[in-house]
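Structural overview for review
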Amino acid sequence: MAAPVNIVVGSHVWVEDPVVAWIDGEVIRINGHDVHVHTPNGKTIVANISKVFPKDTEAPPGGVDDMTKLSYLHEPGVLQNLATRYELNEIYTYTGNILIAVNPFQRLPHLYDTHMMEQYKGAAFGELSPHVFAVADVAYRAMINEGKSNSILVSGESGAGKTETTKMLMRYLAYLGGRSGVEGRTVEQQVLESNPVLEAFGNAKTVRNNNSSRFGKFVEIQFDKSGRISGAAIRTYLLERSRVCQISDPERNYHCFYLLCAAPPEDIEKYKLGNPKSFHYLNQSNCYELDGVNDAHEYLATRRAMDIVGISEQEQEAIFRVVAAILHLGNINFVKGEEIDSSAIKDEKSRFHLNMVAELLRCDVQSLEDALIKRVMVTPEEIITRTLDPVNALGSRDALAKTIYSRLFDWLVDKINISIGQDPNSKSLIGVLDIYGFESFKFNSFEQFCINFTNEKLQQHFNQHVFKMEQEEYTKEEINWSYIEFVDNQDVLDLIEKKPGGIIALLDEACMFPKSTHETFAQKLYQTFKNNKRFIKPKLSRTDFTISHYAGEVTYQADQFLDKNKDYVVAEHQALLTASQCAFVVGLFPPLPEESSKSSKFSSIGSRFKLQLQSLMETLSTTEPHYIRCVKPNNVLKPSIFENFNVIQQLRCGGVLEAIRISCAGYPTRRTFYEFLHRFGVLAPEVLEGNYDDKVACQMILDNKGLKGYQIGKAKVFLRAGQMAELDARRAEVLGNAARTIQRQTRTFIARKEFISLRKAAIQLQSCWRGMMACKLYEQLRREAAALKIQKNFRRFMGRKSYLTVRSSAMTIQTGLRAMKARNEFRLRKQTKASIIIQAHWRCHQAYCYYKGLQKAIIVSQCGWRRRVARRELRQLKMAARETGALKEAKDKLEKRVEELTWRLQLEKRLRTDLEEAKAQEIAKWQDVVHQLQFQVEEAKAMVIKEQEAACKAIEEAPPVITETPVMVQDTEKIDSLTAEIESLKASVLSEKQMAEVAKHGYAVSRAKNQELTEKLEDAEKKVDQLQDSMQRLEEKLSNLESENQVLRQQALVISPTGKALSARPKTTIIQRTPENGNVPNGDTKKASESMLALSNSREPETEEKPQKSLNEKQQENQDLLIKCISQDLGFSGGRPIAACLIYKCLLHWRSFEVERTSIFDRIIQTIGAAIEVQDNNDVLSYWLSNASTLLLLLQRTLKASGAASLTPQRRRSTSTTLFGRMSQGLRGSPQSAGFPFLNSRVLGGLDDLRQVEAKYPALLFKQQLTAFLEKIYGMIRDNLKKEISPLLGLCIQAPRTSRAGLVKGRSQANAVAQQALIAHWQSIVKSLNTYLKTMRSNYVPPFLVRKVYTQIFSFINVQLFNSLLLRRECCSFSNGEYVKSGLAELEQWCHDATEEYAGSAWDELKHIRQAVGFLVIHQKPKKTLKEITNDLCPVLSIQQLYRISTMYWDDKYGTHSVSSEVISSMRIMMTEDSNNAVSNSFLLDDDSSIPFSVDDISKSMQQVEIADIDPPPLIRDNSGFTFLLQRSD
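What counts and what doesn't
- Residues numbered from 1 in each chain as written.
- Predicted model: local features only at pLDDT ≥ 70, side-chain atom pairs only at ≥ 80, totals over all residues.
- Heavy atoms only, no water.
- Helix = DSSP H or I, 4+ residues; strand = E, 2+ residues; numbered from the N terminus.
- Buried < 20%, exposed > 50% of the residue type's maximum accessible area, 1.4 Å probe, protein only.
- Contact = heavy atoms within 4.5 Å.
- Areas by Shrake-Rupley, 256 points an atom, 1.4 Å probe, with all protein chains shown as cover.
- Pairing = 2+ DSSP bridges.
- Axes fitted to C-alpha atoms, helices over the stretch in contact; angles between N-to-C directions.
- Core = buried A, V, L, I, M, F, W, Y, C linked by side-chain atoms within 4.5 Å.
- Salt bridge = Lys/Arg side-chain N within 4 Å of Asp/Glu carboxyl O.
- Phe/Tyr/Trp six-rings, centres within 6.5 Å; stacked < 30°, edge-to-face > 60°.
- 1 Å grid on protein atoms, 1.4 Å probe; cavity = no way out; pocket = protein on both sides within 12 Å on 5 of 7 lines; lining within 4 Å.
- Points joined across faces, edges and corners; volume = space filled by probe spheres on them.
- Nonpolar A, V, L, I, M, F, W, Y, C, P; charged D, E, K, R; others polar.
- Left-handed = near helix turned anticlockwise from the far one by under 90°.
- Disulfide = S-S within 2.5 Å.
- Patch = residues over 30% accessible without salt bridge, like charges linked within 9 Å, V, L, I, M, F, W, Y side chains within 5 Å.
- Lys, Arg positive; Asp, Glu negative; His and termini not counted.
- Charge placed at Lys NZ, Arg CZ, Asp CG, Glu CD.
- Expected span 1.5 Å × (residues − 1).

Section: the overall build of the protein chain
Secondary structure summary: the protein chain contains 47 helices and 28 strands in total. Within the span of the protein chain, comprising 1530 residues, buried residues form 46% of the whole. Taking the intrachain contacts of the protein chain between residues at least 6 apart in sequence as the baseline, contacts between residues at least 24 apart amount to 73%. Element-wise, carbon and sulfur atoms account for 54% of the exposed surface of the protein chain, whose accessible area totals about 79700 Å².

What about the sheet that holds strand 4 (residues 44-48)?
If you walk across this open sheet you meet the five strands as 4-3-2-1-5, and the pairing is antiparallel. Lying at the two open borders of the sheet, with one neighbouring strand each, are strand 4 and strand 5 (53-54). Relative to strand 3 (residues 34-38), strand 2 (residues 21-31) runs antiparallel, the two sharing five bridges. Following the sheet pairing, Ile30 is matched in strand 3 by Val35. The strands touched by helix 1 (residues 75-87) within the sheet are strand 1 (12-17), strand 2 and strand 5, with strand 2 carrying the most contacts at an inclination of about 135 degrees.

Digging into the sheet that holds strand 24 (residues 716-719)
Pairing in this open sheet of three strands is antiparallel, and the strands run 22-24-23 from one edge to the other. Only two strands of the sheet have a single neighbouring strand rather than two, namely strand 22 (669-672) and strand 23 (711-712). Alignment of strand 22 against strand 24, held across four bridges, turns out to be antiparallel. Pairing of Thr672 across the sheet is with Lys716, part of strand 24. Packing of helix 14 (residues 446-477) onto the sheet brings it into contact with strand 22 and strand 24, and relative to strand 24 it is tilted by some 130 degrees.

Brief notes about the nonpolar core
Core analysis: the largest hydrophobic core is formed by 265 residues, its most contacted members being Phe201, Phe257, Ile628, Phe1153, Leu1384, Leu1387 and Trp1390. In this structure, Phe257 is in contact with Val244, Leu282, Val323, Ile326, Leu327 and Tyr405, ignoring residues within four places of it in sequence. Tyr436, Ile504, Tyr526 and Tyr627 belong to the second-largest nonpolar core, a separate cluster that totals 51 residues.

Details of the environment of Val1359
Considering the arrangement of structural elements, one finds Val1359 in helix 40 (residues 1343-1367). For the pair Val1359 and Glu1405, spaced 46 residues apart in the sequence, the C-alpha separation amounts to 9.3 Å. Beyond its immediate sequence surroundings of up to four residues, Val1359 is in contact with Leu1485, Asp1486 and Asp1487.

Some remarks on the pattern of salt bridges
On inspection of all chains with the given rule, the structure shows 34 salt bridges. Residue Arg252 pairs with Asp295 through a salt bridge whose shortest N-O separation is 3.9 Å. Here the residue Arg252 occupies a position in the loop between strand 12 (229-237) and helix 7 (255-261), and Asp295 occupies one in helix 9 (residues 295-308), the gap between them amounting to 43 residues. As far as the burial class goes, Arg252 and Asp295 line up, both buried.

Digging into the packing of aromatic side chains
Summed over all chains, the structure comprises 38 aromatic pairs. Measuring from centroid to centroid gives 4.6 Å for Tyr94 and Phe125, while their planes differ by 45 degrees, and the two rings are tilted. Of this pair, Tyr94 sits in strand 6 (residues 92-95) while Phe125 is found in the loop between helix 2 (114-120) and helix 3 (132-146), placing the two residues 31 residues apart along the sequence. An aromatic cluster of three or more residues is present, and its members are Phe446, Phe449, Phe521, Tyr526, Phe529, Phe535, Phe545, Tyr556 and Phe561.

Here we look at the pairing of strand 12
Counting buried residues along strand 12, eight of its nine residues qualify, which places the element largely inside the surrounding structure. In terms of strand pairing, strand 11 (residues 216-223) meets strand 12 through eight bridges, oriented antiparallel. From the neighbouring strand, Ile221 faces strand 12, where its bridge partner is Ala232. Taking the residues that link successive antiparallel strands as the turn, the strand 11-strand 12 hairpin has five residues, and the phi of Gly227 there is positive, at about 85 degrees.

Comments concerning empty space enclosed by the protein
Size it by volume and the largest cavity reaches roughly 220 Å³. Lining the largest cavity are 25 residues; nearest its centre among them are Ser155, Gly156, Arg629, Cys653 and Gly654. Secondary-structure elements contributing two or more residues to the lining of the largest cavity are strand 8 (150-155), helix 14, strand 21 (624-631) and helix 23 (644-653). In terms of residue class, the lining of the largest cavity is made up of 14 nonpolar, eight polar and three charged.

Here we look at helix 25 (residues 673-680)
Of the positions making up helix 25, those classed as buried are Phe673, Phe676, Leu677, Arg679 and Phe680. Elements that come into contact with the buried residues of helix 25 comprise strand 22, helix 26 (685-689), helix 27 (694-704), strand 23, strand 24 and helix 28 (723-882).

Here we look at the packing of helix 40 against helix 42 (residues 1407-1417)
Two elements in contact, helix 40 and helix 42, have axes separated by 8 Å at closest approach and are oriented at 35 degrees. Our pair here, helix 40 against helix 42, has a crossing hand that is left-handed. The residues of helix 42 that touch helix 40, namely those facing Asn1358, Leu1361, Phe1362 and Leu1365, are Lys1407, His1408, Ile1409, Ala1412 and Leu1416. Considered class by class, the residues forming the contact of helix 40 with helix 42 number six nonpolar, two polar and one charged.

Observations concerning the pairing of strand 8
For strand 8, a buried count of six out of six residues is recorded, marking the element as mostly surrounded by other parts of the structure. The two faces of strand 8 match: Asn150, Ile152 and Val154 on one face and Ser151, Leu153 and Ser155 on the other face are all buried. Sheet analysis places strand 8 next to strand 17 (residues 428-434), joined by five bridges and oriented parallel. Along strand 17, the bridge assignment pairs Leu153 with Leu433. Bridge count between strand 8 and strand 21: six bridges; the pairing is parallel. Paired with Asn150 across the two strands is Glu624, which belongs to strand 21.

Quick word on the state of the cysteines
Taken as a whole and judged by the stated rule, the model has zero disulfides. No disulfide involves Cys844; its sulfur sits 9.1 Å from that of Cys849, the nearest cysteine. You can call Cys844 exposed: its relative accessible area is 51%.

Points about a negative patch on the surface
On the surface, a cluster of negative charge is contributed by Glu1015, Glu1018, Asp1019, Glu1021, Asp1025 and Asp1029. Positionally, Asp1019 belongs in helix 30 (residues 964-1055).

Points about the environment of Ala522
In this structure, Ala522 sits in helix 17 (residues 518-528). A residue is classified by how much of its surface remains accessible, and Ala522, at 0% relative accessible area, is buried. Considering only alpha carbons, one finds Ala522 and Gln557, 35 residues apart in sequence, at a separation of 9.4 Å.

Some thoughts on helix 10 (residues 313-330)
Taking 1.5 Å as the rise per residue, helix 10 with 18 residues should run 26 Å; its terminal C-alpha atoms sit 26 Å apart, in good agreement. In terms of burial, helix 10 is a largely internal element, 14 of the 18 residues being buried.

A word on unusual backbone geometry
Cis rather than trans, the peptide bond between Asp249 and Pro250 has omega equal to 5 degrees. Summarising the element assignment, Pro250 is placed in the loop between strand 12 and helix 7. Residue Arg1151 is not a glycine yet carries a positive backbone phi of 60 degrees. Looking at the element boundaries, Arg1151 is found in the loop between helix 33 (1138-1149) and helix 34 (1160-1171).

With respect to a positive patch on the surface
Judged by side-chain charge, Lys789, Lys792, Arg796, Arg800 and Arg807 come together as a positively charged surface patch. With respect to the helices and strands, Arg807 occurs in helix 28. A relative accessible area of 44% places Arg807 in the partly exposed class.

It is worth stressing that arrangement in space is one thing and function is another; only the former is reported here.
Below is the structure:
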């Protein structure tokens, strides 16, 4: 990035600034090597010319999406480009194939929704705006096409957004791979669900980030041969183990320790924990809490995350026991023992913690103590046990803690991998590496040394990749690049890792000697590397050393290097934990091989770190790398703040500037021939005017200016560093001369224009003065003549005025009198009429109020009753739904119960019959006795009366005196005898009455018993009826479920018409009408339907009558003939599809709509499905679309569900909207409505003459299937048209570039040819639209469906063009807007030619692209206000869409600018206010592929179809079974 030497006065340059890093300005003076630059803030800066960089004044205002396109590839240019794009919320930028992602610190959901994924799927790299999806797509395509694994390396410092970027990568790869994981969770979700666990145990607070990952994570997403995700695995590298024991202020240890200290009280009591300040491993720093983080809540969240990833409750308990044990382990301190170089537990507090460690790890306390303070040395002669001094005992303690924690972390990773699931047979993978970035703090220790060593390794890998990409670019362009030097950092890596003289080797050597200190280690480094240019010894320190990394110099403090590097593998520790009674702890420490367990073996964290890093580099070397560099724009973590110094440092640490340095070593400036000629053609106009090839023209311009060292490729010009500035300087000189010439000519023109204006003014002034004098003279003469005329006219006026006054007065009086009379009469009539109107309105009001009140009361009553009925039905349906699972068992139980009750009922009936017979006999007997007694009483009464009459007669006839006494004696005797007889009769009657009373009492008792038995019998009958009703309801529910299953199978057929046919229904039983019966009465129909059901359900087919068999065979033959006939193309008759009308007539005549079971509907559906198997035959699809719509119209206006006539209005409204709901409601109609009012077969007329047919379940299902086929055929035609025009739309959105000849004045032929080529693409689209329109019109597809097709097609065109416009910056240009506008005019003309009948509102669907294109081609955009844009120019576009168009716009024709910065700022404020609304942030449109109509829409939009006069086809015309088709209606 050496500064160019072509800096002249007036040049725009970049100079260093202590506040903003780099500031632009204009060179005002040059004194030798000193340059004076005037900055926009009014200051003048003096800088050395070697530190001044040229500025590209013609850079796009929105920046470039690929920084290799920058005219000047240097540090300030890169920084300015990133800042410009970040201000526009363009957070992604390419540098070649490297993606730079700047953290926006705000939600930008529109960048990551499904629409955006669809746009980047399969798109070429660089075709669309930079995005993380583009990198993932390139990796996925490379893996699929080349069969090689790929890796994506995501790097950046803490808080730069690495984790979020990794999430987006996995989301997109899951979208491409598309495999669902366990329990409905995708692999991406499973990996992300493991993040809280890994963050709790692997993240900690550092100086720059509260949640910094202290390990490297490599996520392997595994794919099978077909490119679908088959598994995933998480590999972790380089865990910072030393942090467990040693932390520095203000950092923290790993989160899990603090979370456990904030656990619920019962957990704290169980683990004997307390405040974090009481633990040595945590109180080395004064930071215990994080702002905005509740450790107690995070602890519970971590436990939930463990549940999700499959860690059991027992394992969680064991994990936190181990964590608590590590905390207690850190509080064990030692003092000198009684022996020399021995140690012992310091105090009771340490003893308590020792006991807690033993309890938590389930091991022996004494064994734990011995393992900490004793060592066993195995010699050939004997085994020696020695004790450790307190210092070595502390080292042993810390080594144990680090080992336990490291094993625990590895166990967690393995457990998570098991939960996610891996594919051992996977041959290819895409790895996503998320690892810590380069670190340089005020104080840097061993951790920063290891991290920066890792980044040096990754930077070497990165440099090799960048150099490889440069080589591929040069090879592709076929230029010579052999002399370009590779920039390498191998010397730094040798300094760190070389054996035996590297820093790590010297550190391990120092750790192995007990007497070594950090000072001796530092002195060793000074002596070994005193001549190494990458190693620097600070002047004021005895233990610090500085390494010159690729990202800058970093000074390390060696004070704790030795302590942090020690990592003993102690056999005593291994034996202790292997003998633990906790299975979990034993699992962490499997038994070691025997040779390694005999003695302690020294190992260091540095060496282990180097081995893991080597393993990681080997993994990366086997994959094709892709790089994403994440950048944190500011340290306050807030949006819209871009700190230049911070970003520059991260670009250095991320290796981006190193990549630029590699590019600058070769050819940093690359321009296509078109761009080069467009910019530098002014240097040699004669070359442009000549008929030269673009490559030759570029060569001539460069040779003409005397440049050396450049290269001409196949499609680009490659310039060495500084040559672009030289060409720009010469171009500025040419443009300056041209500007001076223009100024000179302009000044001449202005001076001449002023002179001509003055002369013209003098002549005009003289003419005006002479004219004014002549006017004055003329005015005097005119006034004299006018005075005479005024006098004459005034006298005439006065005379006429007096006459008119008199006449007017007379007329006024007459008019007033007549008017008064007329007003009086009018007032009287008006009052009379008003009174009549008032009376009429009052009576009307009274009647209307009474009517409205009555109507309201009726409606309220009806609504209440309907609601009650609806709720009752809803409860019944819910209960029925819950009972579905036990229907079969309930049915069996009920059948047994019914049989038992039936037997009991029969027994009770027999007993009742016997009882009634006995009772009847007894009653008859007593009744006979009563009749006899009554007869005797009546006879006695008759004899008494007769005797009395005879006595009276004898008395009358006897003589008066003589016979007086004897007669009396005789009469007295008779009377006495009669009286005695009467008394005896009375006694007998009384006895008979008593006997009758006894009989009545017995009768009453028997009647009461009979009544009781009757009631019991009635109760039993009621129970039997209830059980029968329940069984009937259950059978009905079971049949409904079977019907639902059948409907689902039919729907599966609709979805896949090419699949197997549905299972055949039972044979149809048809009631054949005779000429005598014509229509079947309701009662007969009911009986007939019952008989049909009985026949169809009969299990003994041999009992069916032979005439019925022959009838079914004849009907089957007719059905076969119909299916054969409609399989052919029958054409149309008078615009009506013959096949649809033929099917409808036959089904109507055969009464197929009325039967419970039939197979004709399935066969028709299968015929239609077989016909449309060829999905690209639009003629066949249109033919069946016409037939299906017509047949559906006939069915819609004819069929009604069985029982619909008896349904109340509220029942109809509450009917279920699902298919099964409609079927079950139709099947649950009352038996009284089972009659089918039907047509006579001789009067098949228009639909107005038809009465609705109460259809059965198969007919209703057939209607549903036909509806589904109609929607499917419609979708196939629409999608075929979309497929045909999609490639053309891709060609229409991008206007062809104007060739070199178009740059010269008067050369417009090439532009016209290009425009004609673009119009040809639009004309191809119009041709496709016309072809489809012609096909559908020739097949008489209803205009309603045609309009829907073209409305959705134009909506698709609108979505594709508009989304491409927003995603591709090269499309948002002025000339491109003109091209697209001309193409839209072709579509508008097509809509006009197609007429509104077929085009409908299709043109209105293009409103987004029309307004967007209109915005691109308007002039004077900076003068437009936001209100004018949103209300007048683009009212349909959202503020996000307007913002994107405004920021991406560039004028490639006139060089004008986009809208003003004030408008841009207002848009950004409005978007920030709406940032919480995810929908409002999406600027892409969604293509609607739904079916935009319903059956009711078709029924309302289509006209009546007359089917009576359609002639049958020849195939069935002469068949006797189809004679009804030849009959005409009167």
